[in-house]
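Given next are the chains, with one letter for each unit.
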Amino acid sequence: MIATDPLWVPTRCAGLARLADFLPRAGRDYADRRNFDFGPADRSNVSGLSPYLRHRLVTEQEVVQAVIERHGVRVAEKFLAETCWRTYWKGWLEQRPGVWSSYRSEVRAGLDSLDHDSSLRDRFEATTTGHSGIECVDLWTRELVEHGYLHNHARMWFASLWIFTLKLPWALGADFFLRHLIDGDPASNTLSWRWVAGLQTKGKTYRASPENIARFTEGRIQPREAFASHAEPVEGSPIPPIRPLPAAERFDPRQPFALPLTEEDLAIEALEISAKSPVEVAGMLANDRSELWAGAPARDFVRGALGDALERAGSWFGVPGVNLDRAAGEAIVAWATGLNVKQVITPFTPVGPAREQLNRNEAMLKKAGIRLIQVRRGWDDELWPHATAGYFGFKKNLEPSLARLGVFAGSR
Ligand SMILES: Cc1cc2nc3c(=O)[nH]c(=O)nc-3n(C[C@H](O)[C@H](O)[C@H](O)COP(=O)(O)OP(=O)(O)OC[C@H]3O[C@@H](n4cnc5c(N)ncnc54)[C@H](O)[C@@H]3O)c2cc1C
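A brief structural summary.

Procedures and definitions
Residues numbered from 1 in each chain as written. Predicted model: local features only at pLDDT ≥ 70, side-chain atom pairs only at ≥ 80, totals over all residues. Heavy atoms only, no water. Axes fitted to C-alpha atoms, helices over the stretch in contact; angles between N-to-C directions. Helix = DSSP H or I, 4+ residues; strand = E, 2+ residues; numbered from the N terminus. Left-handed = near helix turned anticlockwise from the far one by under 90°. Contact = heavy atoms within 4.5 Å. Nonpolar A, V, L, I, M, F, W, Y, C, P; charged D, E, K, R; others polar. Parallel < 35°, antiparallel > 145°, perpendicular 65-115°, else oblique. Salt bridge = Lys/Arg side-chain N within 4 Å of Asp/Glu carboxyl O. Buried < 20%, exposed > 50% of the residue type's maximum accessible area, 1.4 Å probe, protein only. 1 Å grid on protein atoms, 1.4 Å probe; cavity = no way out; pocket = protein on both sides within 12 Å on 5 of 7 lines; lining within 4 Å. Points joined across faces, edges and corners; volume = space filled by probe spheres on them.

In this section: the packing of helix α10 (residues 170–180) against helix α11 (residues 186–197). Helices that pack against each other are described as a pair by the angle of their axes relative to one another and the distance between those axes. It is at 10 Å that the axes of α10 and α11 come closest, and there the two elements cross at 145°. Our pair here, α10 against α11, has a crossing hand that is right-handed. Facing α10, whose interface residues are Trp170, Gly173, Ala174, Phe177 and Leu178, α11 presents Pro186, Asn189, Thr190, Trp193, Arg194 and Ala197. Broken down by class, the residue content of the contact of α10 with α11 amounts to seven nonpolar, three polar and one charged.

This is the structure we're talking about:
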């Protein structure tokens, strides 16, 4: 039995209801008020859609389309730009998968250094248990661990204080977020932490100030502690050159297939394959966000979301859904072999823990003579290739891309 937070029900239905509720506020209201963090009791100025978008219980395309229909592109410009940051980060990391591997190595190195450096270990433990000595950091830690969500501005402040004032390794902070956020996302999280640290945009860091925090919490938080007065960029390896996106894979619609789902993309109703029925659908949990334990809200959200997708897939396709749980390669091979299929089709799984798991599974399936095919959405095919440099360049291509996707019919 999964205990879900009443604020964050992990179903597509709850995500669509949240979108419908937020829609009237996605225009000027959002642009004017989105930066304020009024605390967990009042999130009316932001959409709270990220856990749904992260797992694609609701897709970016659905959200963007609904918002444009309601407000038009100009009025909703800010909200559309924010929503498309997710797509941009995904496309950026997909073309530089080495940044994810080096993040994984940095987390490992950070964990090793905790074993050797007792002062670092004490600071790390104090901070992650809500005893950093900086009141607002401790408040956000409790909020993160309890609810699995923080406002965007609080994430920026937290990351900045973690790196520059508490002098903790940035990758351990990113890992702490990834373990606890119900929207924990390999691209948005890693690249945002890199951005704060000065690794993403050369020479540019983000420094939190007490005045900024007091202003954007409307005085709810008034830090008195001394914050770092400088934020020198963290040193790191250079960004690797772009690796072009792999060509979209095609499946043979005449052949029977099995459909495993990962936590990465659960809007099965809007997949390219949705007109064809698989023999069976399975849920696979990657369970591999971190070497350390993941928070209960994040774990429960993912399990709940996968359960919801299996249920929906069951009625959408009229076939049984099974839970493969840990999704070890052996379990998938045994499942697909038992179904007597030669192709296993899954929604495209971007860079991150689920892909790492899938790569291992793919090799085992291949040995058993079964092809693993990842079907990419038109949204990703259209937009990801533009995420080659900064967000500004990506944004310039947004309207023509949305027009090509049929989301946007002209300037409004
Ligand atoms: C250090 C740090 C770590 C972060 N880690 C994550 C993460 O693990 N997962 C995650 O989904 N987001 C992450 N973000 C981005 C952002 O904070 C959240 O997406 C946003 O706060 C979610 O709340 P919302 O849905 O109410 O956002 P809204 O303000 O309502 O925005 C609408 C949608 O736009 C997208 N969005 C908004 N801001 C950003 C942004 N800065 N980057 C990328 N997408 C954005 C999200 O999909 C969001 O649901 C991180 C930001 C920072 C600074």
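This part covers the packing of helix α6 (residues 97–116) against helix α7 (residues 118–128). Between α6 and α7, the least distance of the axes is 6 Å, while the angle of their chain directions is 115°. When the axis of α6 is compared with that of α7, the two are roughly perpendicular. When you trace α6 past α7, the crossing you get is left-handed. Residues Ser113, Leu114, Asp115 and His116 of α6 pack against Ser118, Leu120, Arg121 and Phe124 of α7. In terms of residue class, the contact of α6 with α7 is built from three nonpolar, three polar and two charged.

A few words on the pattern of salt bridges. Following the criterion strictly, the structure yields 31 salt bridges and no others. Among the salt bridges present, the one from Arg12 reaches Glu62, with a minimum N-O distance of 2.7 Å. Linking Arg12 in helix α1 (residues 12–22) with Glu62 in helix α4 (residues 60–71), this pair joins segments that are 50 residues apart in sequence. What makes Glu62 partly exposed here is its relative accessible area of 23%. Of the charged contacts, one joins Arg104 and Glu356 as a salt bridge, the two residues approaching to 2.6 Å between their closest N and O atoms. In this pair, Arg104 is assigned in helix α6 and Glu356 in helix α15 (residues 353–367), connecting sequence segments 252 residues apart. Three or more residues are tied together by salt bridges with common partners; here these are Arg54, Lys90, Asp185, Glu263, Glu264 and Arg289.

Right, let's talk about empty space enclosed by the protein for a bit. According to the stated counting rule, one finds four cavities of 30 Å³ or more in the structure shown. Looking at the largest cavity, its volume works out to about 110 Å³. Lining the largest cavity, in full, are Leu53, Arg54, Arg56, Glu60, Arg86, Lys90, Asp185, Glu264, Phe348, Pro350, Asp380 and Trp384. Elements with a minimum of two residues in the lining of the largest cavity: α3 (50–54) and α5 (77–94).

Taken by themselves, the reported measurements are silent on function.
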